[in-house]
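# Structural overview for review
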Amino acid sequence: MTSRELCRFFQRPDAVAARVRRRRLPWPAVPVPRGTFGYVASADRRRGDVLSPGERLRPARRSPAWVFREGPWDVAIEWKNLRSREGIALDARWTMSLQIPPRSVDVRLFLGIDGLGERVTAEDLRAILEPPLRRSFGQRIRSLGVEAMMSEMGPDDWRDRFRESGEEVLFERGLALCDLRIDRIDAPVYDELRKEHVRVQIEEERARQRIRRIEIWKREQMELERARRDIESCGGPAPSGPRPEGAAEAAAGEAPSASGAGFARPSLFRCLCCAGSAVYAARPGEDARARLLHRLGDGELGLLRSVRSARAEDGRELILAGAQRGVYAIDRAAGEREGYPLPRAPEAGGGVNSILLCAGRLYATHSEIGLVEWPLGQPSSPRIIFDAREEGASSVRAVQAGPDGAGYFAAGGEIRAFELDGSARMLESWKAAGDEVTSFAAGHGEVAAGTRSGRLVLWRRGSAPRSVIQLGSHAVYGVRAVFRGGRVLYAVGARNCWVTVLDPDAGGEQVMRASRPVQWVDACQEFVCGVEQGEGALLIWSWEHRRSPSITLRFPERIRDLWIERVAAASDECPPA
């Protein structure tokens, strides 16, 4: 390639590299063109020299010489039928801005790529990189659920999630990733399923409205019959009322609001919930609103994902709020907060999904990182006692203390028990028969786990599963234990339009009905509460009124978690920050 041909080739915007041969040159040296850099390998090709623009390129007989564009240049890759964790096909297109660093070691890696020709363009590079990038990209896709990808993850989450896998592939080939743009990710099958789900929800809501109208009409008829009997007993004419043409269209009005029904006095319990960057509390029978306990603002640890309450060994009442990058410990009385950052930054946009304070030690679970421990009051001393990456766990969640004094957490398809004495020694584990554990509750002498396939599995410690209950086709998102009437009951939320309360020993169940699917749940001796899926609404049922929520509280932001606590006698709430 002559000097003129070399300059003409690098005027193309897609030019990447070109080899210069000595026998093609009219003279023994060619200046390196502007905007490029040169490279002359040694005879054994184990080392080489990098030349700047303007320096003379002198290829030897047995020493290959190359010219490389300084970059960067864009390479767009488009794939179809990538499969998510559920097997749903996705189409994707992303654009990488690439560069060959002007270093001898990177150039040697690049020249070792199979299939390089005398001249390399961006299209040649795309064809070479597409197979390994597809494998890496596909592994990331298969590790995620399509619902999280299409509804919860934003462009920044995608970029951060896939930058690392792209950089690994490129680094092995001497290339640097300057920028990554996710141009498009489509899931046509998922879009159709979501539309069908919305249609079914609308039909279910219409059916519930018709049932309500029938119930109202029946109540009116009963009142009319009682009035007729009273008047007849007094010798007067019986009243008459219009009868609807059809029972399904009996009443024009809606059922009266049941707000506050079943709570004649303030409850001994209240429900904490986190939404956005704030923690709220609602106490049935006290008033029909939620009170702000603490607002974190744009805290250094990000938005909230979970909430718990606990008492420290020194007597302080604490609110524990799990955030995107750590845990806040909030002193109720003083309103002061202390941030406990995670030992390493998470890649995706999730957060701490569960928290436990026991014996002066703070425990938190994060699906990407694992189970983390801090001594209370020492936020800069975190310790990973179960590493999700090293153990290969797809998720880590729901750390809690059992009545037996052991700690429990879920890791992928297992529930593990560990010592809470500071040693964090693992005791035993239970497998959910190849299914992923999504939530669980450690009851009195047993463990009840909800799974992704919609089952509730119960174990006694030290034994095989004693019971497996199929609740439906939706994944179980919340399981909480409550001791009521001398029995251990389990409240389960599985994205159905109700909360199921199971009594495994007696084989019975109660259903708390709602108008929308319920996701997170909790329960106590006086009431059951749940969170509408995708909505900022907290639903509270009394045990005596299960047809519809007694209290519905709506929030400006999506509720991420809830927790029922017994009302403290000393400090009712901390001042809002």
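Going by the structure above, here's the rest.
Computed from a prediction, not measured in an experiment: that's the story for all the values here.

### Structural notes on the overall build of the protein
- Counting its regular elements, the protein contains seven helices and 37 strands.
- Relative to its full complement of 577 residues, the protein shows a buried share of 48%.
- Long-range contacts, defined as pairs at least 24 residues apart, comprise 54% of the intrachain contacts of the protein with a sequence gap of at least 6.
- About 27400 Å² of surface is accessible on the protein, with carbon and sulfur atoms providing 47% of the total.

### Topic: helix α2 (residues 104-111)
- Those residues of α2 that sit buried are S104, D106, V107 and F110. One side of α2 holds all its buried residues, which, seen down the axis, span an arc of 160 degrees.
- Of the surrounding elements, those touching the buried residues of α2 are β1 (15-20), β3 (36-41), β4 (48-51), β6 (65-69), β9 (119-121) and α3 (122-142).

### Here's the deal with the nonpolar core
- By size, the foremost hydrophobic cluster in this structure holds 37 residues, and its most contacted members are F68, W73, M96, L98, I100 and F110.
- Tallying contributions element by element places α3 first for this core, with seven residues.
- Excluding its chain neighbours within four sequence positions, the residues that come into contact with I100 are V16, F37, F68, W73, V107, F110, G174 and L175.
- In terms of nonpolar packing, the next biggest core, distinct from the first, is built from 20 residues, V531, I540, L553 and L562 among them.

### A short note on the pattern of salt bridges
- Taken as a whole, this structure holds 33 salt bridges when the rule is applied.
- The salt bridge involving R12 is made with D14; its shortest N-O contact spans 3.1 Å.
- Taking relative accessible area as the criterion, R12 reaches 38% and is therefore assigned partly exposed.
- Looking at D14, the relative accessible area reads 25%, which means it is partly exposed.

### As for the sheet that holds strand β10 (residues 176-186)
- One open sheet holds the three strands; their spatial order is β7-β8-β10, and the pairing between them is antiparallel. This sheet does not close on itself; its edge strands, each paired only once, are β7 (73-83) and β10. Shown here is a sheet whose adjacent strand axes are inclined to one another by a mean of 20 degrees, direction ignored.
- One ladder, built from nine bridges, connects β7 with strand β8 (residues 89-99); its direction is antiparallel. By the bridge assignment, D74 is partnered in β8 with S97.
- The strands touched by α3 are β7 and β8; relative to β7, the strand with the most contacts, the crossing angle is about 40 degrees.

### Brief notes about the sheet that holds strand β30 (residues 478-484)
- Ordered by their spatial adjacency, seven strands build an open sheet running β30-β31-β32-β33-β34-β35-β36, and the pairing between neighbours is antiparallel. A strand with exactly one partner marks an edge of an open sheet, and here the two such strands are β30 and β36 (551-554). Across the sheet, the mean angle from the axis of one strand to that of its neighbour is 25 degrees, orientation sign disregarded.

### So, the pairing of β1
- Taken across its six residues, β1 has five buried, putting it largely inside the fold.
- Relative to β9, β1 runs antiparallel, the two being bridged by three bridges. Paired with A18 across the bridge in β9 is R119.
- Of the strand pairs in this sheet, β1 and β6 are connected by four bridges, and their pairing is antiparallel. Looking at β6, one finds that A18 is bridged to V67.

### Describing the packing of aromatic side chains
- On inspection of all chains with the given rule, the structure shows ten aromatic pairs.
- Relative to W374, the ring of Y340 lies with its centre 5.9 Å away and its plane at 70 degrees, an arrangement referred to as edge-to-face. Remark: W374 occurs in strand β20 (residues 370-375) and Y340 occurs in strand β17 (residues 337-341); sequence separation between them is 34 residues. Note on accessibility: Y340 and W374 belong to one class, buried.
- Feature note: the residues F37, W66, F68 and F110 constitute an aromatic cluster, connected by ring pairs.

### So, unusual backbone geometry
- Positive phi is not limited to glycine here, since A359 has a value of about 55 degrees.
- Examined against the element boundaries, A359 turns out to sit in the loop between β18 (354-358) and β19 (361-366).
- Residue A424 is not a glycine yet carries a positive backbone phi of 60 degrees.
- Here A424 lies in the loop between β24 (414-418) and β25 (426-431).
- When its relative accessible area of 9% is taken as the criterion, A424 is described as buried.

### Here's the deal with α3
- Along its 21 residues, α3 runs 28 Å from first to last C-alpha, staying within 8% of the 30 Å computed at 1.5 Å per residue.
- Where α3 bends most, at E130, the angle is about 40 degrees, and the proline P131 comes one to four residues later.
- Of all the residues in α3, the buried ones are A122, L125, I128, L129, P132, L133, S136, F137, G138, R140 and I141.

### Looking at the pairing of strand β11 (residues 269-275)
- Across the seven residues that make up β11, a large majority, seven, are buried.
- Residues F269, C271, C273 and A275 of β11 are buried on one face, and the alternating residues R270, L272 and C274, pointing to the opposite face, are buried as well.
- Looking at chain direction, β11 and strand β37 (residues 559-566) are connected through seven bridges and run antiparallel. Considered in β37, the bridge of R270 is made with E565.
- Bridge count between β11 and strand β12 (residues 278-282): five bridges; the pairing is antiparallel. Directly across from C273, in β12, lies its bridge partner Y280.
- Counting the residues that bridge the hairpin from β11 to β12 gives two residues, and of these G276 lies at a positive phi of roughly 65 degrees.

What counts and how
- Residues numbered from 1 in each chain as written.
- Predicted model: local features only at pLDDT ≥ 70, side-chain atom pairs only at ≥ 80, totals over all residues.
- Heavy atoms only, no water.
- Helix = DSSP H or I, 4+ residues; strand = E, 2+ residues; numbered from the N terminus.
- Buried < 20%, exposed > 50% of the residue type's maximum accessible area, 1.4 Å probe, protein only.
- Contact = heavy atoms within 4.5 Å.
- Areas by Shrake-Rupley, 256 points an atom, 1.4 Å probe, with all protein chains shown as cover.
- Arc of directions from axis to C-beta.
- Core = buried A, V, L, I, M, F, W, Y, C linked by side-chain atoms within 4.5 Å.
- Salt bridge = Lys/Arg side-chain N within 4 Å of Asp/Glu carboxyl O.
- Pairing = 2+ DSSP bridges.
- Axes fitted to C-alpha atoms, helices over the stretch in contact; angles between N-to-C directions.
- Phe/Tyr/Trp six-rings, centres within 6.5 Å; stacked < 30°, edge-to-face > 60°.
- Expected span 1.5 Å × (residues − 1).
- Bend = angle between axes of the 7 residues up to and from the residue.

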